[in-house]
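Architecture at a glance
What follows is each chain in one-letter form.
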Amino acid sequence: MTATVGCTSECYLHCVMCFLTGQTGERIVSIHPRRKATPRACPVEPQVSSAGKAPSSSKAKLTCDKDDPFGFGKVETEFDLTLFQLGYAFKTQEIGCNDAFDMRINNQRFVGWPKTWKPLGSSSTNYQISIIFALKPGCDGQTVAAYQTLSNKIAVSLVMQQNYTGYLEREDNWADIAERDHADPIAEFAKLSFMVPQLADMYTEVRSRGNIHRYQSNFIELGFCDEAHALSRLSVVPKGRQEIDEIVRRMKPYHGILLLEDVWPTPDANPTVAKLLSHCSPDRSILDMSTASGIPIFEVFMIIRHLIQWTRAILIYPLCNTNIYTSATSPQPLEKMAERFAAQFGTKIHLAAGLAHFNPPQRLDTFIRDNLTLEEQGVRAKLVVALLRHQMLMQLHQFYYILKPYSNAVLPKPKEPCPDEFWKLIDESTISDDVKPIVADISAEMLETVAYEAVKRKLTLFVQAAPMMNGNHHLEDIKYKNNLDRAEMESVFTSFQLVIAKFRRPDFVAE
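An account of the accompanying structure is given in this report. If you're wondering where the values come from, they're calculated on a predicted model, not measured in any experiment. Numbers given to residues run from 1 along each chain, matching the order in which its sequence is written. Selection of residues for local features in this predicted model requires a pLDDT of at least 70, selection of side-chain atom pairs for listing and counting requires 80 or more, and totals for whole chains, interfaces and linings are taken over all residues. No hydrogens and no water enter the side-chain calculation; it runs on all heavy atoms of the structure.

So, the environment of His390
A helix here means a DSSP run of H or I that spans at least four residues, while a strand means a run of E at least two residues long, and both kinds are numbered starting from the N terminus. One can find His390 in the loop between helix 13 (374-389) and strand 14 (393-402). Placed 53 residues apart in sequence, His390 and Met337 show a C-alpha to C-alpha distance of 8.8 Å.

This is the structure we're talking about:
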């Protein structure tokens, strides 16, 4: 199980480096962002430990005696090491390539996924490319694995471009030019390289949003998500991968989705995604979106799974006037959230006023009142959506138990006994034996004012729903699984309310 990270969780990504070997040897050719180096004494013997499959790294002994006297190697870094020393540590024997890399140096964690590449026309010479991410101390195993996977994806895309166009050969030649002719090769290489700006953009996207969806050189699609940080940036309580998979598995057509930000696919993306998003709104269920767009519901589920796992949406119940909401506890500081709401709504409505209205729980139509102006109703509807998006509001659902009435309850006293046909339905049901006689009396008493077939229909539906009336299924779930009309089910529960105990709580699949 993944450890839960609070909403104030910061991004563990500290910097990104590119380790490249070519005809002139191995070197780190870029580091972003480039921060001021700390003063270092010589000799320095940092503690190196290897936690991945990088055989050569476990033997690394880094001292300033090994400093490269020129070029990239002499560049000082914030890690109290030169780029030469870091490159010496990151160099991996060929047997260790194409596998995850994880190393700690001076309390800093470096992860990557080295890959091998060949020059065009060569069948024997193997060189290395590795995108190294420096992570802050304290990151969990899932975060480390995510950045290792991202390193692998980037390296694979670069090797693929090398196989088509000689991409890495050109980068290696430009690195030679920068190292030979300039005092600051890192800065000069950044001006020449196609690779460095892309890595810098990825760093910025991960730090600012927690995810990446881009096309390398307008050619190779690349996706990545630091789940905890991405959800934190959106002020949503982070969920682990297993929890997300469980939510998706229990998703039903009567659920809906709420987009967490403006989501629109790239022009060359699957047109089905764009079509679905054009029919997506907080007041539509998944089934409604499927019907409106003409997309098969299985495909809709697959797209929503993608949106949820890539922190683009959360699962909700479609907005409806009869929905009952209550204010929810939130790990975010209310002052911070109040500033965000003030920036969105100005002085029209305050966050505290919105939350106060739903404590105690209230129906949505009592907040968005018909007697208000259309503009005011729109503002209040947007406030509810914003509260749901930031998980400061949650919907309460009606759950049911079948229980024997209290001793002081007024029991039915029918004039005629319950018909045998009704008794047979009741006797074959899952209703407990101490409740069956009372259900029979309720049915017999209804016959005094309601037609026989109508009573039989209500009793049949009540018996059909009885197995789900154990406190684990709410009205929407009972209605969906029995393919029944909501109003009809509410009428059935009203008729047999003497033996039904009701309570409200959130449906934790969606909340």
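Brief notes about helix 5 (residues 195-209)
When the terminal C-alpha atoms of helix 5 are compared, their 21 Å separation across 15 residues agrees well with the 21 Å that a helix rising 1.5 Å per residue should span. For helix 5, the set of buried residues is Met195, Val196, Gln198, Leu199, Ala200, Met202, Tyr203, Glu205 and Val206. Any helix carries an expected span of 1.5 Å times its number of residues minus one. Each residue is assigned to one of three classes by its accessible area relative to the maximum for its type, calculated with a 1.4 Å probe on protein chains only: buried under 20%, partly exposed between the two thresholds, exposed over 50%.

Quick word on a nonpolar patch on the surface
Each patch is built from residues lacking any salt bridge and having more than 30% relative accessible area; the joining distance is 9 Å for like charges and 5 Å for nonpolar side chains (Val, Leu, Ile, Met, Phe, Trp, Tyr). Each accessible area is a Shrake-Rupley result for a 1.4 Å probe, and residues are judged covered by the shown protein chains and nothing else. Every case where a carboxyl oxygen of Asp or Glu lies within 4 Å of a side-chain nitrogen of Lys or Arg is listed as a salt bridge. Where nonpolar side chains cluster on the molecular surface, the patch consists of Val156, Met160 and Tyr164 and spans about 290 Å² of accessible area. As for its placement among the helices and strands, Tyr164 is situated in helix 2 (residues 141-165).

Points about the packing of aromatic side chains
For this analysis, a ring pair means two rings from Phe, Tyr or Trp (six-membered ring only for Trp) whose centres lie within 6.5 Å, classed as stacked if their planes differ by under 30 degrees, edge-to-face if by over 60, and tilted for the remaining angles. The full count for this structure, using the stated rule, is 17 aromatic pairs. Considering the side-chain rings of Tyr254 and Tyr480, the 5.4 Å spacing of their centres and the 70° angle between planes classify their relative orientation as edge-to-face. Remark: Tyr480 occurs in helix 17 (residues 475-481) and Tyr254 occurs in the loop between helix 7 (241-249) and strand 10 (256-259); sequence separation between them is 226 residues. The exposure class assigned to Tyr480 is partly exposed, which follows from its relative accessible area of 37%. By way of ring pairs, the aromatic residues Phe79, Phe90, Phe101 and Phe110 are connected into one cluster. Charge over a ring is defined by NZ of Lys or CZ of Arg lying within 6 Å of the ring centre and within 35 degrees of the ring normal. For the cation-ring pair, Arg380 lies above Phe367, with the distance from its terminal atom to the ring centre recorded as 4.8 Å.

Brief notes about the environment of Val206
Within the element layout of this structure, Val206 appears in helix 5. The exposure class of Val206 is buried, given its relative accessible area of 1%. Put simply, Val206 and Cys11 are 195 residues apart on the chain and 8.0 Å apart in space, counted from C-alpha to C-alpha.

Observations concerning unusual backbone geometry
The general pattern is negative phi for most residues beyond glycine and trans for most peptide bonds. Between His32 and the following residue, Pro33, the backbone shows a cis peptide bond with an omega angle of -5°. Mapped onto the secondary structure, Pro33 falls in the loop between strand 2 (25-32) and strand 3 (48-50). Residue Asp80 is not a glycine yet carries a positive backbone phi of 65°. With respect to the helices and strands, the residue Asp80 is situated in the loop between strand 3 and helix 1 (83-90). For Asp80, a relative accessible area of 22% puts it in the partly exposed group. The backbone of Asn483 sits at a positive phi, close to 55°, despite the residue not being glycine. Tracing the backbone through its elements, the reader meets Asn483 in the loop between helix 17 and helix 18 (486-495).

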